[in-house]
Amino acid sequence: MPKNTAPTLKELPPPPSGKSGWPWTEEIQPLPKNTLAHTNLPLISIVTPSYNYGHFIEETIRSVLLQGYPNLEYIIIDGGSTDNTIEIIRKYENYLTYWVSEPDNGQTDAINKGYRYCHGQIFTWLNADDAYLSPYCLQEVSQLYNQGYNFIVGECIYENLTQNQVNIDGFKGKSTPTNFNQYLKFWLGNFLPQPSVFLSKNLADKGFPLDLSLYFVMDYQFFLRVLSQKPKTIWVDQKWVKASLHGDNKTMLPPHQKKAELLEFSKVAIAESSQLPWMARQIIQIDIKDYLMLRELLDRDPSPNFQQVVTLLQNRPTLLRWILVWKILLKSLVGSVAYSKIKSLAQTGK
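Small disclaimer: the values here were computed from a predicted structure and weren't measured. (Residues numbered from 1 in each chain as written. Predicted model: local features only at pLDDT ≥ 70, side-chain atom pairs only at ≥ 80, totals over all residues. Heavy atoms only, no water.)

J.: Just give me the short version of the nonpolar core, but keep the residues and values in it.
T.: In a soluble, globular protein the nonpolar side chains are often hidden away together inside. One finds Phe123, Phe151, Phe186, Leu192, Tyr220 and Phe222 to be the most contacted residues of the largest nonpolar core, which totals 53 residues. The greatest single-element share of this core, amounting to seven residues, is contributed by helix 7 (residues 218-227). Among residues more than four places away in sequence, those in contact with tyrosine 220 are Tyr183, Leu184, Lys185, Phe186, Phe191, Phe265, Val268 and Ala269. By size, the runner-up hydrophobic cluster in this structure holds 39 residues, among which are Tyr53, Phe56, Leu66 and Phe198. (Core = buried A, V, L, I, M, F, W, Y, C linked by side-chain atoms within 4.5 Å. Buried < 20%, exposed > 50% of the residue type's maximum accessible area, 1.4 Å probe, protein only. Helix = DSSP H or I, 4+ residues; strand = E, 2+ residues; numbered from the N terminus. Contact = heavy atoms within 4.5 Å.)

As structure tokens, this is what we get:
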């Protein structure tokens, strides 16, 4: 018997004490169960990888089930949580297509495992500390898919649950339209908001399996593989997802891990650039090496002096193409204090 993946609020377990609003005490009118008989509702597959996120995952689950979308596969792959995660999943297991809790090799492995159970026309993954902000998200995605789009990008917002100032390198939970060539240039920072990206399974099939050796940027590699197929894309000005910033996110990396993330980005970009024509591939690989050198300059403590910068430019003149290197050169020539004053004057236009 098929699972009821569009339960009403009354059918779901009651929310924890003190929880109200969406998706705790509010719902939308579910699409009629017999809608499938006369309307083309594409099957949507959602995978949630999970590990010891019991304080988040119930909101995640409810935000999916209360979408009121009857043609849904919802799959949860838990890595053997030792907190209350399993207790929460079991409360909702009658509405899940599949779930398991067993040791795995982390988030990437869990997503790969979950994907094997996906049969939908549309695929996405939603992490256990994310939740759908809009109860109409899946309905809107299905409508866009039926219009012929197979790569659909919405927006997400970040909820800061820490006491510290959060810096995620200016990423605002949205991106502007991009393509494979542009997305290779990871230093531009126009990253796709992964929880708000929905794509056809035909595209996803060529992006899987995700590389288990990647800890930080598996979604970057996945989207490169998808974009290389030249999908029909649409960027939607709708806030579909909420992501929680709580201190344990990979997004909020301490400084000593930033370098490891950067090296993963460069490794993936170089590998995926092999799909480009020879000349374009050579250019992007030069750009990647240039950027890594510039980052090394910026991260030096103390900052490089003028002669060190000049020597580097003599050995690698391609760096002269970057505006950033001229800023570094000026700073090394006049000093940090004077450079800050010049920068301030330039920004104010005085």
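That was the structure; now back to the text.
J.: I'd like a description of unusual backbone geometry, backed by residues and values.
T.: Residue proline 23 is bonded to the preceding tryptophan 22 through a cis peptide linkage, with omega at -5°. Looking at the secondary structure, you find proline 23 in the segment before strand 1 (44-50). Backbone geometry places asparagine 52, a non-glycine residue, at a positive phi of 55°. Within the secondary structure, asparagine 52 sits in the loop between strand 1 and helix 1 (57-65). Although it is not a glycine, lysine 230 sits at a positive phi angle of roughly 55°. Tracing the sequence through the fold places lysine 230 in the loop between helix 7 and strand 8 (233-245).

J.: Go over the environment of arginine 321, please, and point to the residues and values.
T.: By the secondary structure assignment, arginine 321 is in the loop between helix 10 (306-315) and helix 11 (323-334). A relative accessible area of 48% places arginine 321 in the partly exposed class. Separated by 31 residues in the primary sequence, arginine 321 and aspartate 290 have C-alpha atoms spaced 9.5 Å apart. Beyond its immediate stretch of four places on either side in the chain, arginine 321 contacts Ile286, Asp287 and Asp290.

J.: How would you explain the pairing of strand 4 (residues 122-125) if you had to name every residue and give the values?
T.: Residues Ile122 and Thr124 of strand 4 are buried on one face, and the alternating residues Phe123 and Trp125, pointing to the opposite face, are buried as well. Relative to strand 4, strand 1 runs parallel, the two being bridged by four bridges. Directly across from isoleucine 44, in strand 4, lies its bridge partner isoleucine 122. Sheet topology note: the strand 4/strand 7 (residues 197-200) ladder contains two bridges and is antiparallel. Note that in strand 7 the partner of phenylalanine 123 across the bridge is leucine 199. (Pairing = 2+ DSSP bridges.)

J.: Please give an account of the sheet that holds strand 7 that cites residues and values.
T.: Taken in spatial order, the eight strands of this open sheet run 3-2-1-4-7-6-8-5, and their pairing is mixed. Looking at strand neighbours, the two that pair on one side only are strand 3 (98-101) and strand 5 (130-132), the edges of this open sheet. Between one strand axis and the next, the sheet turns by 25° as a mean value, whatever way the strands run. As paired strands, strand 6 (residues 151-160) and strand 8 are joined by nine bridges and run parallel to one another. Within strand 8, the position partnered with glutamate 159 by the bridge is serine 244. Relative to the sheet, helix 3 (residues 107-115) contacts strand 1, strand 2 (72-78) and strand 4, its axis offset from that of strand 1 by approximately 150°. Against the sheet, helix 4 (residues 137-146) makes contact with strand 1, strand 2, strand 4, strand 5, strand 6, strand 7 and strand 8, and its axis sits at roughly 155° relative to strand 8, the strand it touches most. (Axes fitted to C-alpha atoms, helices over the stretch in contact; angles between N-to-C directions.)

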